[in-house]
Every structure is written in structure tokens, then in C-alpha cells.
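A structural walkthrough
The chain contents come next:
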Amino acid sequence: MSACLFAEPIGAATGVPPAWIGPLALVLPLIACSDVLLSATRGFGDMRPTVYVSGLFLPAAQLAGICAMAVAGAEAGLTAAWALPYLPVLALAWVCLKRRLPESAYRPGYMPGTFRDLWRHTAPRSAGAAIQAAFQRLDIVLVAALAGPVEAACYTVATRFKAVGQLAGQGLAQAAQPRLVRALAAGELERARELYQSTTLWLVAATWPVWVAYAALAPWLLRIFGPGYDAGAGVAVVLAATMMAASACGMADVVLTAAGHTTTSLRNIAAAVVVAVTVDVALIPEYGALGAAAGWSAGVLVKNVLPLVRLHRTYGLRPFGRHTLTALHPRMWRTA
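In this report, we go over the structure that sits alongside the text.

About the criteria used
- Residues numbered from 1 in each chain as written.
- Predicted model: local features only at pLDDT ≥ 70, side-chain atom pairs only at ≥ 80, totals over all residues.
- Heavy atoms only, no water.
- Helix = DSSP H or I, 4+ residues; strand = E, 2+ residues; numbered from the N terminus.
- Buried < 20%, exposed > 50% of the residue type's maximum accessible area, 1.4 Å probe, protein only.
- Contact = heavy atoms within 4.5 Å.
- Areas by Shrake-Rupley, 256 points an atom, 1.4 Å probe, with all protein chains shown as cover.
- Core = buried A, V, L, I, M, F, W, Y, C linked by side-chain atoms within 4.5 Å.
- Axes fitted to C-alpha atoms, helices over the stretch in contact; angles between N-to-C directions.
- Parallel < 35°, antiparallel > 145°, perpendicular 65-115°, else oblique.
- Left-handed = near helix turned anticlockwise from the far one by under 90°.
- Nonpolar A, V, L, I, M, F, W, Y, C, P; charged D, E, K, R; others polar.
- Expected span 1.5 Å × (residues − 1).
- 1 Å grid on protein atoms, 1.4 Å probe; cavity = no way out; pocket = protein on both sides within 12 Å on 5 of 7 lines; lining within 4 Å.
- Points joined across faces, edges and corners; volume = space filled by probe spheres on them.

**A short note on the overall build of the chain**
Scanning the chain from N- to C-terminus turns up 15 helices and zero strands. A total of 336 residues make up the chain; the buried ones form 37% of that total. In the chain, the share of contacts with a sequence separation of at least 24, taken over all contacts with a separation of at least 6, comes to 75%. Accessible area of the chain: about 17800 Å², with a carbon and sulfur share of 70%.

**Quick notes on the nonpolar core**
Counting residues in hydrophobic clusters, the biggest one holds 28 residues, and the most contacted among them are Tyr155, Trp211, Tyr214 and Trp296. Those elements that place two or more of their residues in this core are α7 (114-147), α8 (149-159), α10 (189-221), α11 (233-248), α13 (262-287) and α14 (289-315). The biggest single contributor to this core is α11, with eight residues. Apart from residues lying up to four places away in sequence, Trp296 is in contact with Phe135, Asp139, Tyr155, Lys162, Leu239, Thr242, Met243 and Asp280.

**Description of the packing of α13 against α14**
The interhelical angle for the contact between α13 and α14, taken along N-to-C directions, is 160 degrees, at an axis separation of 7 Å. The orientation of α13 with respect to α14, classified from their angle, is roughly antiparallel. Where α13 crosses over α14, the handedness of that crossing is right-handed. For the contact of α13 with α14, the class distribution of residues is 18 nonpolar, five polar and three charged.

**Thoughts on the packing of α8 against α11**
Geometry of a packed helix pair, given as the angle between the helix axes and the separation of the axes. It is at 9 Å that the axes of α8 and α11 come closest, and there the two elements cross at 40 degrees. Put simply, α8 runs oblique to α11. The two elements α8 and α11 meet at a crossing, and its hand is right-handed. Facing α8, whose interface residues are Tyr155, Ala158 and Thr159, α11 presents Val235, Ala236 and Leu239. A class-by-class count of the residues in the contact of α8 with α11 yields five nonpolar, one polar and no charged.

**Some words on α14**
In this model, α14 (27 residues) spans 39 Å end to end at C-alpha, consistent with the 39 Å of a helix rising 1.5 Å per residue. Positive phi appears at Gly316, one or two residues downstream of α14, with a value of about 70 degrees.

**Quick notes on the side chain of Thr262**
Among the structural elements, Thr262 can be located in helix α13. A relative accessible area of 3% places Thr262 in the buried class. Once residues within four sequence positions are removed from consideration, Thr262 is found in contact with Arg120, His121, Pro124, Arg125 and Thr257.

**Some remarks on empty space enclosed by the protein**
Scanning all chains against the criterion turns up one cavity of 30 Å³ or more. In this model, the largest cavity occupies a volume close to 50 Å³. Elements with a minimum of two residues in the lining of the largest cavity: α7 and α13. The greatest single-element share of the lining of the largest cavity, amounting to four residues, is contributed by α7. In terms of residue class, the lining of the largest cavity is built from six nonpolar, no polar and two charged.

As far as function goes, none of this settles anything; it's purely spatial.
Following this line, the structure appears as C-alpha cells:
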């Protein structure tokens, strides 16, 4: 309802046509529910619903619908073509989860205290996710305000490539987190150490070549966007170096939340944002986009180093160790 009432200011702030705001707002509950159901299937150790339903069916159905509307010239139907596939996604996610649920899950009084424990764990994670979303956009706003639109444009183009490297981390996190939770809950630190060190090596192996290539080719790649954008090559180098350092820390924050320390994770994210904004305000007026890259880099490093230190002190977990050399063995692909 609020999205419909404030469609005009929301559209002006996001660039989305106001007529689309209402229909998109109605889809949000479907998206949230389907995400929760698919997350629950991963909690049972099954990645197939996430891959098949969310990774394959959803984008294919959206692409087919949007293409059909574009060919028909029905611009008004583009929003519906994007949104309607979430209905079968929600149904499929529920079917996949229902097959996994034990019979006792449908009985009254199942797992008393679950509601309180759930929100004690997830509320800090929700707040942390909101802060992270703001963190990913705040630096662009600061560059535009403190250094002007030209620097903001260069910074935006040079840093958008980071989403490519983050895909590997997101995929590994979805696959490994349920197993990490089980291992840490059962006190199986050796199993948790094996998973952490294995995923760290996979993350480094998958992303470091991408970041090295991006840093080396940035002056030429950025010219694709037009003349003058190659000035962001320095930003690209800082981005690549930072992401390589972050990937070498492994999924430290994921492991920390899997161990139940969601409040600590929230504090770490808040500290990272404070550091990033402080460095941005200090450096952007003089160095422009490069100063913003330094601020973002400082925030990312804080966000990764703080959970790394906590994991080492509390559980003795490190991103590299004796399981690193065996991480790429086919046996690990089957069991990890």
C-alpha cells in the first residue's frame, strides 16, 4: 500500500516508471516467500531446488515472457512478464520443501521456542543485509556529492564489474552454509575446518584469474563505455586487489553466521560501513573516484578481517591449512 501511495517519489529516486511500482510491490511477498522456502530446502542439504527452480526455471520464464511482450509491442505487459513466473516458483519451492519436511513438522507444539530463537538469529542478519545493500550504493552517492557527476560515472563503471566476481562467492555460500551449520552445531570443528579451507581455495581459484585479468585489461575494457572512462583504471586496480584479498579470507562472515554469531556479524558490517564512509569523506574531495575506491576497499577489508580474527580466536579456524591441498580432489566434490 505504501509503495502505491509513494510511487512518484520512489520512481524518481530509482528511475523505475511510477506505473510499475504498484505491481512490483505486489510481487515482493511472493519473492520473499519463495526465497525462504528455497533457503529451507538448502537447509536440508538439497541444492537442486535452488539450481533448477531459481537458477534455471525463473530466469528462463522471465526471459521468455519479456521477449514475447517485446515482440508483441506490449510495453505495459513487461512488468507482468517479469513478475508472473514467481507464482509457479513459489508453488514449486513449496512442493520441494514439503517432500523434505518430517511428519512431526505438521503437529501442534512442534519445536517450542523456535519462533524466539529464529528471530534472535535472523534479526541481526536482516539488519546486516540492509546495511550491506546501502553500503553497495552509498559510495556512489558520496562521490557524486563530493566530487561531481563525472567522477561518479567513472567510479560506477569501474566498480560494476565486482558483481561478476561475487557470483562465485554467492554460489559457494549457498552450497556450504547448511553443512557448516551442521558441523558447528555438532561441535565437529575438523569438518568445519575442512569445509572452510576447501571453499576458500575454490573461491581463490575461481576469482583470482578474473581479477588479475580485469586489473591488467581495465584501461581497454573501460573504453567500451565511451571516451574518458579509462580514467577509472586506477579504481579497477584497487577493486581487483581488494577482492583478491577478500577472497583469500574465504567465507569468513558466512562461517561466523553459521556458528550463530549473527549479532557479531552485524557489528562487523556496521564497523565496515563507518570505516568506509570516514575514508570516503576524507579522500573523495581531493582524489575523487580513487578516494572512493580506497574507502570501499577499507570497508571490505574490515568486513572480512574482523570475522576472520573472531573465527581464529574462538574456533581455531583459518582459511588455509592442511585441507587446502586436497580441496580440489574429486572426493571433496562429492562430500563437501
